[in-house]
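Structural features, examined
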Amino acid sequence: SPGRMCATCGSSHLTSAPALRAQASVEEYIASHSLERTLTGVVNELLAALPAEPYPFLAARLRAVAAGAPIAEPAAAAAEEEAAELLPEISTYLKAHDVADVIEGCVNSAVIARSPTPLLTVADLLEAKGGGAVGKFTTTAEVRQTFVDFFCQTKGVPHTFWASSPVVPLNDPTLLFINSGMNQFKPIFLGKADPSSEMAKLKRAANSQKCIRAGGKHNDLDDVGKDVYHHTFFEMLGNWSFGDYFKEDAITWAWQLLTGPYGINPERLYITYFEGNAELGVPEDLEAKALWMRYVPESRILACGMKDNFWEMGDVGPCGPCSEIHYDRIGGRDAAHLVNEDDPDVLEIWNLVFMQFSREADRSLTRLPAPCVDTGMGLERVASILLGKRSNYDIDIFVGLFEAIRKVIGESVLRPYAGKVGKEDPEFIDMAYRVVADHIRTLTFAITDGALPSSEGRGYVLRRILRRAVRYGADILKAPAGFFHQLVPAVVLLMGDAFPELCLKPNEVIEVIREEEAQFTRTLSNGLKEFSKRAAKLQPGSAFSGEDTHLLFTSFGFPADLTELMAEEKGFKIDMASFEAIMERTRAESRGVSSCGAGGALVLEAAQLDELRKLGVKSTDDEPKYTWDVEGESGPALPATVRAIYAGVKEGFISKAEAGQTVGVVLEQSSFYAEQGGQVFDIGTLTLASGALGLQVADCQKFGGFVLHIGAAGPGGLSVGDTIEAKVDYARRAPIAKNHTMTHVLNLALREVLGDGCDQRGSLVNEERARFDFAFGRALTEEEAAAVEAGVRRRVTEGLTVSAQAVDLKTAQGVNSLR
């Protein structure tokens with residue numbers, strides 16, 4: 001009856017849906033079919049037998065009862081007394097198989113449908129539950145490895161296993177963090193991969209990529225904890241084709257994996273495809289639809305628009321139509337109307353992106369040189385299905401983290417995680433569990449991969465995440481000061497096998513988090529008191545002022561989004577517009593004007609690189625840049641031929657540059673050093689055979705193996721086919737080279753003093769100075785700084801010989817002063 005719980009399994013399976021409670025006929029329907037009595041009796045039989053697979057057992061008994069078989073009448077009082085003291089093995093069994101939740105979903109479906117034979121309907125739904133390979137997989141690691149094995153070891157499918165990149169992007173200013181599996185392959189999709197690199201040789205790849213979505217376009221930070229499926233850190237299972245296979249193989253292999261090794265019931269799968277967009281000139285993806293119809297009825301193949309079925313990595317870059325695969329946790333029904341409706345039981349599990357375009361800065365689309373495939377399947381989500389769990393946070397990795405949280409805080413202080421959400425979690429305890437568990441994963445991986453909490457950029461995102469976790473732990477879970485960094489070992493233990501880099505320097509990660517945690521803890525208590533004092537003055541429904549939000553930010557270190565969450569818990573909003581206005585005034589008062597030089601107005605994107613290759617232009621040989629005399633600040637003029645002239649996106653490649661026109665020139669060989677590795681570009685001239693100036697080189701950049709000499713054409717212009725002499729300004733390069741060498745000397749000295757925990761994170765080398773960025777868990781002491789300086793001076797005094805050699809990346813990483 002309404003409001004009652006099942007005496008045996010603790011489920012509100014008869015009346016949990018709010019819509020059902022509002023219907024007066026529900027009680028009559030349940031009573032007329034003896035649902036409560038029958039289900040309670042069958043569940044009692046289940047708990048007496050404890051079979052390995054509960055759902056076939058329950059389905060068989062319900063069919064038998066529907067056919068007239070007797071069932072023992074449960075004694076209500078006895079059942080309620082027994083439910084209050086469930087044996088540990090029974091409690092564990094019910095939780096492991098989600099018996100209460102599954103029965104609840106099945107019964108609600110039968111009641112909503114007003115099935116004339118509800119026992120048989122529930123039996124059908126319970127049998128369908130067995131289609132999710134429940135019991136075949138016991139750990140997330142097994143799910144991950146099965147994916148990799150399928151794509152890298154299955155005959156006829158073989159992909160190259162390509163290890164996950166760090167979550168901190170290398171040489172990609174468009175990203176705060178790696179937020180999808182394809183990020184590290186962006187140079188291939190854009191045709192910019194160095195032809196001599198191992199990556200450029202890839203045709204197919206597969207892996208599980210570490211991802212962080214916190215900040216930027218893809219930002220899940222504000223939703224973490226509020227539900228059971230958002231994360232800031234997650235793994236993305238993916239397979240890629242770089243101009244090799246396309247839609248047919250991608251769809252076929254996805255279907256084979258899901259219904260084969262993963263053992264998912266095909267009746268529970270729904271497909272979406274791109275419906276087309278006339279404004280963009282992109283037609284409906286009927287090819288993908290036709291391919292899916294080989295496996296799925298048309299009624300379960302749905303056309304969707306740009307929002308759901310056109311994938312873009314960011315404001316610019318690779319993009320294309322996609323097909324999503326959705327899974328119905330309940331099964332035995334038509335769930336097509338629930339696809340893309342944020343229903344927790346009908347969820348997207350795999351996105352197959354058919355990469356055909358590149359989004360340009362002007363929002364136009366250009367076709368990529370070769371169609372590619374980029375697929376992504378959230379590991380935590382598919383693991384929840386294959387492990388038979390109702391949410392991502394119920395899989396083994398999070399269970400282990402929740403146990404670690406409770407152990408650190410104290411089992412007598414903190415109850416176990418119960419998976420509650422919203423109004424069922426009025427004290428926000430389960431929300432806090434999820435926040436802390438998610439955020440310790442994010443910080444452990446990010447710091448391991450070289451990021452550090454700071455006051456700007458990705459560093460500030462990490463600081464916000466850390467402070468959010470510390471606040472939830474201290475204020476909601478009543479954790480003692482310094483609890484958060486103690487959770488790092490649990491992350492390493494649970495995920496170190498899949499990502500061995502976690503095991504390299506966990507103590508340094510712990511130390512970074514410990515210091516940040518201690519710094520925030522010193523102001524946390526006072527900040528919470530200040531927030532409570534100011535919130536107490538507000539009327540219900542009013543807003544927490546921008547001035548107060550700014551005070552908490554500047555005086556107590558509370559990020560605005562943390563204050564916003566605290567305000568939401570009290571039933572308030574914050575005046576974010578006012579806060580942002582105050583912040584902008586503050587920035588304006590301290591803002592200086594900066595300039596980064598001439599560089600890079602002319603850029604070779606995928607379309608231009610493809611056109612160069614079609615024109616028969618080969619990659620530039622820039623080995624001659626190493627032949628010069630640094631002491632004499634001189635070098636030879638290099639004879640070369642103009643192979644291509646680029647005038648920008650609008651004009652494209654031209655045969656002749658007019659006098660004064662700014663263009664980019666490609667030669668078959670070059671002695672110019674293109675900007676890379678932290679070192680600024682060379683400048684100089686391209687001189688015609690007549691001795692006249694052909695190009696005043698003011699910038700030099702490298703794109704996909706092509707060196708682009710950028711500058712203004714001389715008085716007589718410059719034409720494709722002209723013979724020139726490339727003359728570098730070696731007097732300018734000499735101090736740049738010396739400064740570059742000193743970054744390596746400094747790197748070595750730092751490692752000698754600080755040990756292997758000191759890692760280079762970037763540099764800027766020009767003719768005036770060298771800036772060297774490195775990651776270390778704390779500030780250097782005066783003694784350490786002096787020792788580093790002494791080490792540098794010693795190397796200079798020794799007058800060591802400087803040698804240069806071009807080697808592959810793996811060999812270079814073995815050189816002590818380069819790491």
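Residues numbered from 1 in each chain as written. Predicted model: local features only at pLDDT ≥ 70, side-chain atom pairs only at ≥ 80, totals over all residues. Heavy atoms only, no water.

Attention now goes to the overall build of the chain. The number of helices and strands found in the chain is 26 helices and 22 strands. For 819 residues, the compact-globule estimate of 2.2 N^0.38 gives 28 Å, and the C-alpha radius of gyration of the chain, at 31 Å, lies within 12% of that figure. Principal axes of the C-alpha set define a box for the chain whose edges measure 105 × 60 × 50 Å. When contacts within the chain are restricted to residue pairs at least 6 apart in sequence, those whose partners lie at least 24 apart make up 72%. (Helix = DSSP H or I, 4+ residues; strand = E, 2+ residues; numbered from the N terminus. Rg over C-alpha atoms; globule rule 2.2 N^0.38 Å. Contact = heavy atoms within 4.5 Å.)

Let's shift gears to the environment of V421. Looking at where V421 falls in the secondary structure, it is placed in the loop between α15 (396–409) and α16 (429–448). As for V421 and G225, which are separated by 196 residues in sequence, their C-alpha atoms are 8.5 Å apart. Once residues within four sequence positions are removed from consideration, V421 is found in contact with K226, D227, V228 and R434.

Structurally, the position occupied by R300 is in the loop between α12 (286–292) and β5 (301–304). We classify R300 as buried; its relative accessible area is 9%. Here the side chain of R300 touches P266 through a polar contact of 2.8 Å, landing on its backbone oxygen. Apart from residues lying up to four places away in sequence, R300 is in contact with P266, E267, L269, Y270 and I271. (Buried < 20%, exposed > 50% of the residue type's maximum accessible area, 1.4 Å probe, protein only. Polar contact = N/O pair within 3.5 Å; in protein donor to acceptor, adjacent residues only side chain to side chain.)

With that settled, consider the pairing of strand β22 (residues 770–775). Note: strand β21 (residues 759–765) against β22, 6 bridges, orientation antiparallel. Within the sheet, the bridge partner assigned to S763 lies in β22 and is F772. With antiparallel pairing between neighbouring strands as the criterion, β21 and β22 make up a hairpin whose turn holds 4 residues. (Pairing = 2+ DSSP bridges.)

Each aromatic ring pair is described using two quantities: the centre-to-centre distance and the angle formed by the ring planes. Under the counting rule described, the total for this entry stands at 28 aromatic pairs. Considering the side-chain rings of Y245 and W253, the 4.8 Å spacing of their centres and the 80 degrees angle between planes classify their relative orientation as edge-to-face. Grouping aromatic residues by their ring pairs yields a cluster made of Y393, F398, F402, Y417 and Y433. Seen from the ring of Y472, R471 lies directly overhead, with NZ or CZ sitting 4.8 Å from the centre. Lying over the aromatic face of W628, R733 brings its terminal NZ or CZ to 4.9 Å of the ring centre. (Phe/Tyr/Trp six-rings, centres within 6.5 Å; stacked < 30°, edge-to-face > 60°. Lys NZ or Arg CZ within 6 Å of the ring centre and 35° of its normal.)

On to the environment of L46, then. Summarising the element assignment, L46 is placed in helix α3 (residues 35–49). Between the C-alpha atoms of L46 and M583, which are 537 residues apart in sequence, the distance is 62 Å. Contact partners of L46, with chain neighbours within four places excluded, come to P51, P54, F57, L58, Y93 and V99.

Two side chains carrying opposite charge are able to pair once their charged atoms lie near each other. Going through the model one piece at a time under the given rule, you end up with 34 salt bridges. When the shortest N-O distance is used, the salt bridge between R471 and D475 registers 2.9 Å. A residue pair is termed a helical-turn pair when its members lie 3 or 4 positions apart in one helix, as R471 and D475 do in helix α17 (residues 457–476) at 4 residues. A relative accessible area of 2% means that R471 is categorised as buried. D475 gets classed as partly exposed once you look at its relative accessible area, which sits at 24%. Residues participating in the shared-partner salt-bridge network are E530, K533, R534 and D548. (Salt bridge = Lys/Arg side-chain N within 4 Å of Asp/Glu carboxyl O.)

A few words on the packing of α15 against α16. Here α15 crosses α16 at 105 degrees, and the two axes come no closer than 10 Å. When the interaxial angle is binned, α15 and α16 end up roughly perpendicular. Here α15 contributes I397, F398, L401, F402, I405 and R406 to the contact with α16, which in turn contributes Y433, R434, V436, A437, D438, I440 and R441. Taken together, the residues of the contact of α15 with α16 sort by class into 9 nonpolar, no polar and 4 charged. (Axes fitted to C-alpha atoms, helices over the stretch in contact; angles between N-to-C directions. Parallel < 35°, antiparallel > 145°, perpendicular 65-115°, else oblique. Nonpolar A, V, L, I, M, F, W, Y, C, P; charged D, E, K, R; others polar.)

Where helix α9 (residues 140–153) meets helix α14 (residues 379–386), the closest approach of the two axes is 9 Å, and the angle between their N-to-C directions is 110 degrees. What the angle tells us is that α9 and α14 run roughly perpendicular. Like other packed secondary-structure pairs, α9 and α14 cross with a definite hand, here right-handed. Between α9, through T140, V143 and R144, and α14, the contact on the second element is made entirely by L379, V382, A383 and L386. (Left-handed = near helix turned anticlockwise from the far one by under 90°.)

Once that is clear, we can look at α16. If you check α16, its first and last C-alpha atoms are 29 Å apart, about what 20 residues at 1.5 Å a residue would give, namely 28 Å. Burial analysis of α16 places 20 of its 20 residues in the buried class, which makes it a mostly covered element. (Expected span 1.5 Å × (residues − 1).)

For α3, spanning 15 residues, the distance from its first C-alpha to its last is 21 Å, which sits close to the expected 21 Å at 1.5 Å a residue. Following α3 by one or two positions, L50 has its phi on the positive side, about 45 degrees.

This part covers the nonpolar core. By size, the foremost hydrophobic cluster in this structure holds 113 residues, and its most contacted members are Y262, W350, I405 and F484. By residue number, the principal contributor to this core is α16, which donates 12 residues. Apart from residues no more than four positions distant in its own chain, I405 is found in contact with L414, Y433, V436, A437, L477 and L487. With 30 residues, the next largest nonpolar core counts L47, A59, V122 and L126 among its residues. (Core = buried A, V, L, I, M, F, W, Y, C linked by side-chain atoms within 4.5 Å.)

Quick look at the side chain of D622 now. Position of D622 relative to the elements: it lies in the loop between α23 (606–614) and β12 (638–646). Within the structure, the side chain of D622 is placed 3.1 Å from the side chain of K702, a separation counted as a polar contact.

What follows deals with unusual backbone geometry. Located in the positive-phi region is S34, a residue other than glycine, with phi close to 55 degrees. Checked against the element boundaries, S34 lands in the loop between α2 (25–32) and α3. The phi angle at D342 is positive, at roughly 60 degrees, despite the residue not being glycine. Structurally, D342 can be placed in the loop between β7 (317–328) and β8 (346–359).

With that out of the way, let us pick up the pairing of β8. Along β8, 13 of the 14 residues are buried, which leaves the element largely enclosed by surrounding structure. In this structure, β7 lies alongside β8, joined through 10 bridges in antiparallel fashion. If you follow C322 over to β8, its bridge partner there is V353. Strand direction decides the pairing type here: β8 and strand β9 (residues 365–378), joined by 8 bridges, are antiparallel. From the neighbouring strand, F354 faces β9, where its bridge partner is V373.

To continue, consider the environment of T138. Among the secondary structure elements, T138 is positioned in the loop between α8 (118–129) and α9. You can call T138 exposed: its relative accessible area is 52%. In the structure, T138 is positioned 445 residues away from M583 in sequence and 50 Å away in space, judged by C-alpha atoms.

Attention shifts here to the state of the cysteines. Tallied over the full model, the rule gives 0 disulfides. You can see C319 has no disulfide; the closest cysteine sulfur is in C322, sitting 11 Å from it. For C319, a relative accessible area of 0% translates into the label buried. (Disulfide = S-S within 2.5 Å.)

The predicted model of the chain has a mean per-residue pLDDT of 85, with 90% of residues at 70 or higher. Taken as a whole, residues 1–24 scores under 50 in pLDDT and shows 54 contacts with residues more than four places along the chain or in a different chain. Here residues 76–84 is a poorly scored stretch, pLDDT under 50, and it has 5 contacts once near neighbours within four places are set aside; other chains count. (pLDDT = per-residue confidence, 0-100.)

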